[in-house]
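# Summary of structural features
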Amino acid sequence: MKHWARNLGVLLIVTAIAPYGYVQYRLRSHDWTPLNAAGSLNDGSTTETADFRTDLTGFYNVSLTFAPVNVELEECLIGDRLFSKSCDATQTGLDLDWSVLRSDAHEEVPVTGYQRYRPASFGGAGYVGTVLGGFEAHKGDRYRIAVRVRRVAPELRSASPHIRVEAGRIYWEQWVIFAQLTLLFGVIVGLPGIALLIKGLLSQRANMAQKAVPAE
């Protein structure tokens, strides 16, 4: 029973770390963004990305992202006018079609035919983004994105455009929430565990020092 504080401290620390470690493993067990590649968007051109592989069977979003050089103007040009009163109603900076192709052993099979750009949603962290649409993918298959450009505003063309493919939020958002909850749980449970471990080690050290003192 002498080492109860140290043993309980170790147990609490392990209990605190285990859930967070499991959630981090799940977050890192998939490539949630299998494609995030620079795209050359020139008027009258067709751009195809390199092949990418999906490691989930489910829904993926296809987006165009731009560096936030002039955020308000870029949002206007991609069609995001919800919170900007200064946008010209006739101002549009993207006129293109997009498609998803599946790369088989001997041919490319269209997953979606060419679709006209009609933004599904907007947003992004650290960039100005517009979601072109989505497609159903199968685990282990290889895909590529094709973009056929009619016209792109110069302000968007010079803002480092990227073509991005990301797993639907339904697959990863819950694990981000769990990561925050398990981190909080780890702090609440782990700190008392650390305190007990230190207490146990100090007590053990004090006992050893006491035994080392020669009896008079």
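In the block above lies the structure referred to throughout.
The rules behind these values
Throughout this document, residue positions are counted from 1 along each chain, in the order its sequence is written. Since the coordinates come from a predicted model, pLDDT governs what is reported: local features require at least 70, and pairs of side-chain atoms require 80 or more to be given and counted, while whole-chain, interface and lining totals use all residues. Derived side-chain values reflect all non-hydrogen atoms in the structure, with water molecules and hydrogen atoms excluded from consideration. Note on ring pairs: Phe, Tyr and Trp rings are taken, using the six-membered ring of Trp, and paired if centres are within 6.5 Å. Classes follow the plane angle, with under 30 degrees stacked, over 60 edge-to-face and the rest tilted. Each helix corresponds to a stretch of at least 4 residues labelled H or I by DSSP, and each strand to a stretch of at least 2 residues labelled E; elements are numbered beginning at the N terminus. Relative accessibility thresholds used throughout: buried, under 20% of the residue-type maximum; exposed, over 50%; partly exposed, between the two (1.4 Å probe, protein chains only). Whether a charge sits over a ring depends on NZ of Lys or CZ of Arg being within 6 Å of the ring centre and within 35 degrees of the ring normal. Expected helix span is taken as 1.5 Å per residue step, with the number of steps being one fewer than the number of residues. Contact criterion: two residues are considered in contact whenever any of their non-hydrogen atoms come within 4.5 Å of each other. Polar contacts here mean pairs of N or O atoms no more than 3.5 Å apart (in protein, one a potential hydrogen donor and the other a potential acceptor; neighbouring residues in sequence count only if both atoms are side-chain atoms). For each structure, a 1 Å grid was placed over the protein atoms alone; sets of points admitting a 1.4 Å probe that cannot get out are labelled cavities, open sets with protein on both sides within 12 Å along at least five of seven lines are labelled pockets, and lining residues have an atom within 4 Å of a point. Grid points are joined across faces, edges and corners, and a volume is the space filled by probe spheres set on the points. For this classification, Asp, Glu, Lys and Arg are treated as charged, while Ala, Val, Leu, Ile, Met, Phe, Trp, Tyr, Cys and Pro are nonpolar and the rest, including Gly, are polar. Every case where a carboxyl oxygen of Asp or Glu lies within 4 Å of a side-chain nitrogen of Lys or Arg is listed as a salt bridge.

So, on to the packing of aromatic side chains. Using the criterion set out here, one finds 3 aromatic pairs in the structure. Ring plane angle 35 degrees and centroid distance 6.2 Å describe the contact between Phe 52 and Tyr 143, whose orientation is recorded as tilted. With Phe 52 in strand β3 (residues 52-53) and Tyr 143 in strand β9 (residues 142-152), this pair connects stretches of sequence that are 91 residues apart. Note on Phe 52: relative accessible area 4%, which makes it buried. An angle of 55 degrees between the planes, with centres 5.3 Å apart, marks the rings of Phe 135 and Tyr 143 as tilted. Taken together, the aromatic side chains of Phe 52, Tyr 60, Phe 135 and Tyr 143 make up a single cluster linked through ring pairs. Here the guanidinium or amino end of Arg 148 rests over the ring plane of Tyr 114, the centre of that ring lying 4.0 Å away.

At 3.6 residues per turn, the α-helix brings residues three or four places apart onto the same side. With 25 residues, helix α1 (residues 4-28) extends 36 Å between its outermost C-alpha atoms, agreeing within 8% with the 36 Å of an ideal straight helix rising 1.5 Å per residue. Along α1, the residues classified as buried are Ala 5, Gly 9, Ile 13, Ala 16, Val 23, Gln 24 and Leu 27.

In this section: helix α2 (residues 71-78). For α2, the set of buried residues is Glu 74, Cys 76, Leu 77 and Ile 78. Next to the buried residues of α2 lie β4 (58-66), β5 (94-103), β7 (121-122), β8 (128-137) and α3 (154-157). Gly 79 sits one or two positions beyond α2 and adopts a positive phi of about 105 degrees.

Take the side chain of Ser 99 next. Within the fold, Ser 99 resides in strand β5. On the basis of relative accessibility, which here comes to 3%, the residue Ser 99 falls in the buried class. Polar contacts involving the side chain of Ser 99 include one to the main-chain carbonyl oxygen of Thr 112, which spans 2.6 Å.

This next bit is on the layout of surface pockets. Computed from the structure, the largest pocket encloses a volume of approximately 300 Å³. For the lining of the largest pocket, the elements supplying multiple residues, two or more each, are β4, β7, β8, β10 (162-167) and α4 (169-212). Taken together, the residues of the lining of the largest pocket sort by class into 6 nonpolar, 8 polar and 3 charged.

Taken as a whole and judged by the stated rule, the model has 11 salt bridges. With a closest N to O distance of 3.1 Å, Arg 157 and Asp 43 form a salt bridge. Of this pair, Arg 157 sits in helix α3 while Asp 43 sits in the loop between β1 (35-38) and β2 (46-48), and the two are 114 residues apart along the sequence. Residue classification places Asp 43 among the partly exposed positions, given a relative accessible area of 42%.

Function-wise, these values are silent; they only describe arrangement.
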